[in-house]
Every structure is written in structure tokens, then in C-alpha cells.
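# A closer look at the structure
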Amino acid sequence: MKNNPVIRWLQTRLGFFSLLVLLLWLKTAFAYYVDFSLGAADILQHLLMIFNPVGTSVLLISFGLYFKRPKVSYAAMLTIYILSTILLFSNIVYYRSATDFLTFNTILSAGKVAKGLGKSTASLLQWHDVFLIGDIVILIFALVRGWLKIDQRVFAIKHAFTVTTVGVFVFLLNLTLSEANRPQLLTRTFDRNYIVKYLGIDTFLVYDGVKTAQNNQIRASADGTDINKILNYTNAHQVPANVNYFGKAKGKNVIIIHLESFQQFLIDFKVNGQEVTPFLNSLYHDQNSLSFNNFFHQVGQGRTADAENMLENSVFGLPEGTAFTTLGSDNTYQAAPAILEQNAGYTSAVFHGNVGSFWNRNHVYKNIGYDYFFDQSYYNSSPDAMTTYGIKDKLFFAESIKYLEQLQQPFYTKFITVSNHTPYVLSKEDNPFETSDTSDKTVNNYFQTAHYLDESLKEFFNYLDSSGLAKNSLIMLYGDHYGLSSKNNTALAPLLNSDDNKAASDEDIQDTDDWTPFDNTQLQRVPLIFHMPGLKGGIQKQYGGEIDVLPTLLHLLGQDTSNYVMFGQDLLSKQHQQLVAFRNNNFVSDKYTVLGGKGAKSAVYDNQTGEQLTDLTDSQVDEIDKLQDQVTEALSLSDSLNYKNLLRFYTPNKFVPVNPENYNYLDQINELLNKRTQLGNASTSLYSQLGHSSTSMYHTDAPEITDAKKDIEEFPDLGDTSNSQAQENSQTAKTTSQKK
Ligand code: MN
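Residues numbered from 1 in each chain as written. Predicted model: local features only at pLDDT ≥ 70, side-chain atom pairs only at ≥ 80, totals over all residues. Heavy atoms only, no water.

## Thoughts on the domain arrangement of the protein chain
Accessible area lost when the parts come together is the quantity often used to give the size of an interface. Keep this limit in mind: Where each domain starts and ends follows an automatic or database-derived domain assignment. Contacts are assigned to residue pairs that have any heavy atoms within 4.5 Å of one another. The term buried area denotes the loss of accessible surface (1.4 Å probe radius) that occurs when two parts are joined, taken as the sum for both partners. Just to be clear on terms, a salt bridge is a Lys or Arg side-chain nitrogen sitting within 4 Å of an Asp or Glu carboxyl oxygen.
Split into domains, the protein chain comes out as domain 1 (5–219) and domain 2 (226–245 + 254–264 + 276–395 + 412–465 + 474–486 + 503–509 + 527–649). Between the C-alpha centres of domain 1 and domain 2 there is a distance of 41 Å. Between domain 1 and domain 2, the contact holds 15 residues from the first and 20 residues from the second. Regarding the contact of domain 1 and domain 2, the summed buried area is about 1500 Å², with carbon and sulfur atoms giving 38% of it. Seen at the junction of domain 1 and domain 2, the total is 1 salt bridge. Arg219 is paired through a salt bridge with Asp330; the nearest N and O atoms lie 3.3 Å apart.

Laid out in C-alpha cells, this is it:
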């Protein structure tokens, strides 16, 4: 034995170091596959996931090599090893109950962790956890018994430094490959899962620590007087509601449909003589719809999350990164679900076919005050039910019904679709639409997924009609942001100019050769449609954007918004200012498109002609500079509100701050059933009103649904205690890991 080279190697200091690195690497990689669902999607992601513990382990444990005295050096390495194991182990246990990783704030407030753990820790332990702890006992035993000898030789500092450098190098390689596979990984912060998958648990904690410190520093610099500037601005910019519309939808259910990546140009758009979205077109022109055709998205890097942020709060996203992920875990909100619950008794719910951790929704929704969040774990997520970003829309709507019908009315609900998401891929059987034949595959695919989304909406609307919900509901649809980017637009231009589409388009779109930044900007229009029996108004031409939706919606519901901090204005108000601020300081008014963020010194285009204006009159310069100042002021005040978390200093009259601890999205089926029993005859859910489930009223032609049939059936009757489905699902929830 003594002559075994491995055993001899282990008796050296570098040998002991290597053993610790190897063990830490193995247990971390083991945990990635067995205890967490990180959802590696391709070979590179698997490799990065397997190897990401190496760099940080070498780096961390190498600090023990700098101690001169052998015993101290060994003790230091072992201590770092034990601490790393404790961090890993705590994350595993926390993840089992919260499907989330420990953050700086959760660690600092140990009480909250304990609460997050909910059940006693003992029940969260599994037999294979022995591997995590067992080796430490063996290591200490081996050292004490002298099986592992402490190498008494001097270990030169320069060698220690070499080892640390190797660790740094491996880590940087890891980081570079990760950024290549997932660009903007650290700047956009899509999902905590992503950072752990690519860079590891240690890196996540450091990353989170840096972000938390930055946030705390900015917040500490704020005081109550900062909010006054904002209140002055928002009070001065409020406009009165339009009396013809105020309260028009009072007491109605609200059904919001988030049309993923859906642009306004698709409305009435034809490919090969066929309408791409015939159902949405009919809704757009319906006499019971209010439709907007100069409505723009205003998102930044946070895309979908920015759109949601504006729609729920009437506050902008951030100039860089994503407010939901960087600030959403602990910012104070006064958002639609809480306003409607407190003022009009609404129950609120979000339905979404992607994992709950994406964009940090599982935390943000609690701070916003959403009662329920049905994420992917509540749906059949077998591979054939999924598209790149979650449950296919047809299956998603069909399966949502069993939850929707249990909600107490009136409800405020949001359905976030996913099928029409880049790269716009559908399986053949879902895809009967004969699309365009441009040189750009993204463009061709886009029409197919948009068509699929349209069909899913038609099925959902048919259900709303036959179940009777349509009568009592205000349905609002909006496109969250562009689907085709500027680089796709030149391939799109000839289609926009085809005979089929030219007549239908209100926009003066250039041909490929003359394509300008003005044209790109015009394509940032997205749909906004309110639909309700008796809601008249037709197609509205006033310019507006996502920031304006919340006051518009709340006024339709008869809610006074004057006490709330909102950066938008009611689109239906006669005094609505037609000014759309983009996140990069560009803007569009009813007359001009101003690109460059420098007022009259920017590229200024005439909206009528699409021509760039080079000789501005003095009064034009004045007008444009004033608008620019307004845009800059609104964005910077919104940033200060977000970064400094200023709403914590202001509570509107009669508003009760939201307590996120009141919400838990893990056991919602049971919660719904308990509510139904508790209320008895007073239950106002559709299920209770009908006296039975409405799921049989749902009809879909989705080819997958024959297999998924069981999933659209109602949930078990009361008395049947099989409520474990959601819990089971949430634990086996697979993380989708594709790019967003
Ligand atoms: Mn989106």
C-alpha cells in the first residue's frame, strides 16, 4: 500500500488539496443532476454544468495553501471544504421545498429561510445526502488516525499562487464559454437557474451578493423626500378619465392575454393571399372592441418582464438588466392585483407555461399581490406538449380551464402565451399554415407560430362564449414586444409592400433598399385590444404605449387612479398626451419619430412622410426639445423609483401594503378547493355557479390533446384528497433552458 503512487500523492499537500477539489467537484455535479433541475439543453450546457464546480473549487480551496504552518494549512483547506459543503447542502435542502437557490438576503434573514423550508428539515432529507456529509467524517478520521499524513514540507507561496491562477483561468474559461452559449447571461439575469447551471452555486452567491450590496447602497442613499419629486411629476401628468368609458367594465372579470412577440403589422396581414391571424383580425374589427393601431411596446433588455412591469405598475423597466430579476425580490409595489383586490374584491391569477423561476416571477408575483400563479408545474409538461419556451398555447389554454373555473369572481387573470417566441418553431402536426418563402427563416417561421397562437385564441374565446364567462368579462389582449428584429425587417419589407398587404397597412413602409431606422421604429407597434359586449369605440388612432395601459384599464373598471404613482396616462382620456418614450430615450409623438435621444439634435423623422427632417424651424426645435426633456425626465424618475425602492416611503390613501408572506404557489389546488368548501353557497366561481365543471365545454383540435385529455378534466371532487398533484409536479418541474 505504502508504495501505491496515488496513496503517496495523497500524503503531499498538493495531493490533499486535489482530493478536496475532486470530492467537492463530484458532490456538486452529483447534486446538479440529482437534486436540482437545471435543465441543460445541449452538450455544451451539460459540459459547462459538469465542469463549472472545478474553477471555483480550485480557487477557494487554494487559499489554504498560503499558510506556512502545515497544520494550519490543512485545517484551512478542510474548513473551506466544509463550508462549501454546508453551502451546497443548505441549497439542496432549501431547493427541495422552495425550488429556488439561497440568496444573500435569504441567508441573512435566517427566519425567512426557516419559513421557506416550511416542513421540518428532517422530512426534506434523502438517503443519498449521506454522500455529502460522510466524506467529511472519513477525512477527519483519516487525518486523526494518521492514514492521511500531514505533509510537513514547506509549500512555497509562489506555488500556491500558481494554483490560484489556474483556478482563475479555469473560471474565466467557464465564463467565456457560458457567455458564448447564453449571451448577456450576467447582464440580463434571466433566471437564477441559469447562473447556477452555467457558473455554479458559489458564483451565483457571489453574483447575488454583489447585486444585493449595490442595491442596498443605492437604497440606503434614499430617503422619504425622494418620493416627493416623483409624486410631483405623476400628479402633474395625470389626466382625467373619459366619462364615456369610466366604469364601463365595472365589476367584470378581467382576462388579459399576453400575446408573446406579437406585432401590430400582423393584424390583417396576408401571406400567399391567406390571413395569418384571421381570428385576431375579426376581434380587432369587432364592434364590441376598442382597438389601438398606434400603440407601441416600450421594453428594454427585460423584454417580456419589462412589458409585464409596465402593465401591472405603469412604471418603466430599467435602462439595463431586468427590474423583475434585479429588484423584484424585495421592491415595494402598488400594482393592479393588489389595487383591484383591495378596492373591488378581485381574485388574481397568472397562467404561464414556462417555469416559475423565469424572470423571477415566483418572487415578483408575491410582491405584486397575485393570489395564484399557475406555472409549468401545473400543466402536463411531457415533451410533446412543449415548445421551446413551455407548454404549447393550445394545450396551455385548454388545461388552464380547470383552474380558471375555480377562481372566485370577479377575477383578474393574465395568460402569458409562449408558442410565438423566437425561434418560432412548431412541430409539423401543429402547423398547417402555408407560410412565406423569404430568405430569412425566422420571418417564415414567425407567421406559422403567429397563426398557431391565433387558432389557440379562437378555441379559448369559443370556450369563454359557451361557458358564459365572455358575458361577464373584459378581455384585454396586447403584444409584449417585437418578434422580428431590425435584422429581419429587410426580408420582411417586400411582404409588407406586396399587393396583398399594402392596401391594409396604414403605415408608409419603405422597400428593402430604402429601409430606414424610421421604418424599424414603426414596426415597434404592437396590438392592444379591449373586448367586451357593449364596449364600443372601434379603432383608435391616438399614439400611446405599454406604460399607458394600467390607468386605461383601471378607469374602464371604474377605479380612481389619482392616488397611485403611475407614469402612464389613460389612452381614452381626451387630454391623453401622444408621446411614447422608448427605453433608450428615443421617442415617437403623433407628429415625429425622434431617434438618438438628443432632442432636435437627433435624427428627426416626419411620421406622415417617413422622411428625415433636416431643416427644422425654430418652433419645431423648441417643440421637439421639450418632448425630449419630458421623456428623459419620466425615464429617470422611474429609474430612481425602481432603484431606490421609493414606494416603501409612500402608501396611497386606503392602500394596504402587500405582504408577500401571504402567498404560496405550491399547493394551490388544495387552496382553491378549501376556498370552495369554506364559502359553500357563497362561492362565486364558475364551477360553483354551474354546479359542475365547464371543462367539457372546451374544444381544441390540438393533435396532442388525445394524449393529454386527462389534463383538461376538472380536478378531483371534494372529499377525494388527491391534492398532491401540484406538489408532485412542482418538485419534478423541469426547467426549460432555451434562450430567451
Ligand atoms: Mn416576450
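So that's the structure; there's more coming.
## As for the packing of helix α2 (residues 13–34) against helix α7 (residues 130–145)
Helix-helix packing: each pair is described by the crossing angle between the helix axes and the interaxial distance. Heads up, the rule is: In this analysis, axes come from line fits to C-alpha atoms, helices being fitted only over the stretch in contact, and the angle between any two N-to-C directions falls in the range 0 to 180 degrees. Runs of H or I in DSSP of at least four residues are treated as helices and runs of E of at least two as strands, each being numbered from the N terminus. Convention used here: angles under 35 degrees read as roughly parallel, angles over 145 as roughly antiparallel, angles from 65 to 115 as roughly perpendicular, and any remaining angle as oblique. Left-handed describes a crossing in which the near helix is turned anticlockwise from the far one by less than a right angle; the clockwise case is right-handed. In the scheme used here, Gly and all other residues not listed as nonpolar or charged are polar, with Ala, Val, Leu, Ile, Met, Phe, Trp, Tyr, Cys and Pro taken as nonpolar and Asp, Glu, Lys and Arg as charged.
Viewed as axis vectors pointing N to C, α2 and α7 meet at an angle of 165°, and their least axial separation amounts to 10 Å. It follows from the interaxial angle that α2 and α7 lie roughly antiparallel. In terms of crossing hand, the pair formed by α2 and α7 is right-handed. Between α2 and α7, the contacting residues are Phe16, Leu19, Leu20, Leu23 and Lys27 on the first element and Phe131, Leu132, Asp135, Ile136, Leu139 and Leu143 on the second. Per-class residue counts for the contact of α2 with α7 are 9 nonpolar, no polar and 2 charged.

## Concerning the packing of aromatic side chains
Where we set the bar: Aromatic pairing here means that ring centres of Phe, Tyr or Trp (its six-membered ring) are within 6.5 Å. Orientation follows from the plane angle: under 30 degrees is stacked, over 60 is edge-to-face, and everything else is tilted. Accessible area is worked out with a 1.4 Å probe on protein chains only. A residue is then buried under 20% of its type maximum, exposed over 50%, and partly exposed in between. Definition used: whenever NZ (Lys) or CZ (Arg) falls within 6 Å of the ring centre and also within 35 degrees of the ring normal, the charge is taken to sit over that ring.
Scanning all chains against the criterion turns up 45 aromatic pairs. Look at Tyr372 and Phe374: their rings are 6.0 Å apart centre to centre, the planes differ by 10°, and that puts the pair in the stacked class. Phe374 matches Tyr372 in its accessibility class, with the two residues each being buried. An aromatic cluster is present here, built from Phe351, Tyr372, Phe374, Tyr378, Tyr379, Phe396, Phe397, Tyr403, Phe415 and Phe460 joined pairwise through their rings. The positively charged end of Lys197 is found above the aromatic ring belonging to Tyr194, 4.9 Å away from the centroid. Geometry around Tyr665 places Lys366 over its ring, the cationic atom sitting 5.5 Å from the centre.

## Overview of helix α25 (residues 668–679)
Let me state the cut-off plainly: To estimate how far a helix should reach, multiply one less than its number of residues by 1.5 Å.
Along its 12 residues, α25 runs 16 Å from first to last C-alpha, staying within 8% of the 16 Å computed at 1.5 Å per residue. Taken together, the buried positions of α25 are Gln668, Ile669, Asn670, Leu672, Leu673 and Arg676. One or two steps after α25, the chain reaches Gly680, where phi turns positive at roughly 55°.

## So, the environment of Ile547
You can see Ile547 is positioned in the loop between β14 (544–545) and α23 (549–556). Note: C-alpha distance between Ile547 and Leu571 (24 residues apart in sequence) is 9.9 Å. Discounting residues that sit within four places of it in the chain, Ile547 has contacts with Gln298, Met310, Ser314, Val315, Phe316, Phe567 and Gly568.

## Some points on helix α16 (residues 336–344)
Along α16, the positions that sit buried rather than exposed are Ala336, Pro337, Ala338, Ile339 and Leu340. Summarising the contacts, the buried residues of α16 are in contact with α14 (303–313), β6 (347–352), α17 (361–368), β10 (411–416) and α23. A positive phi of about 70° marks Gly345, the residue just after α16.

## A few points about the side chain of Thr56
Locating Thr56 in the fold gives a position in helix α3 (residues 43–62). In this structure Thr56 touches Phe171, Asp202 and Thr203, once residues within four positions along its chain are discounted.

## Comments concerning the sheet that holds strand β15 (residues 579–581)
Keep this limit in mind: DSSP-based pairing: two strands are paired if at least 2 bridges between them are found.
Taking strand neighbours across the sheet as the criterion, the 4 strands line up as β15-β16-β17-β18 in an open arrangement whose pairing is antiparallel. Whereas interior strands pair on both sides, the edge strands pair on one side only; in this sheet they are β15 and β18 (603–606). Between one strand and the next, the sheet's axes are offset by a mean angle of 15°, whatever the strand orientation. Alignment of strand β17 (residues 592–595) against β18, held across 4 bridges, turns out to be antiparallel. Note that in β18 the partner of Val594 across the bridge is Val604.

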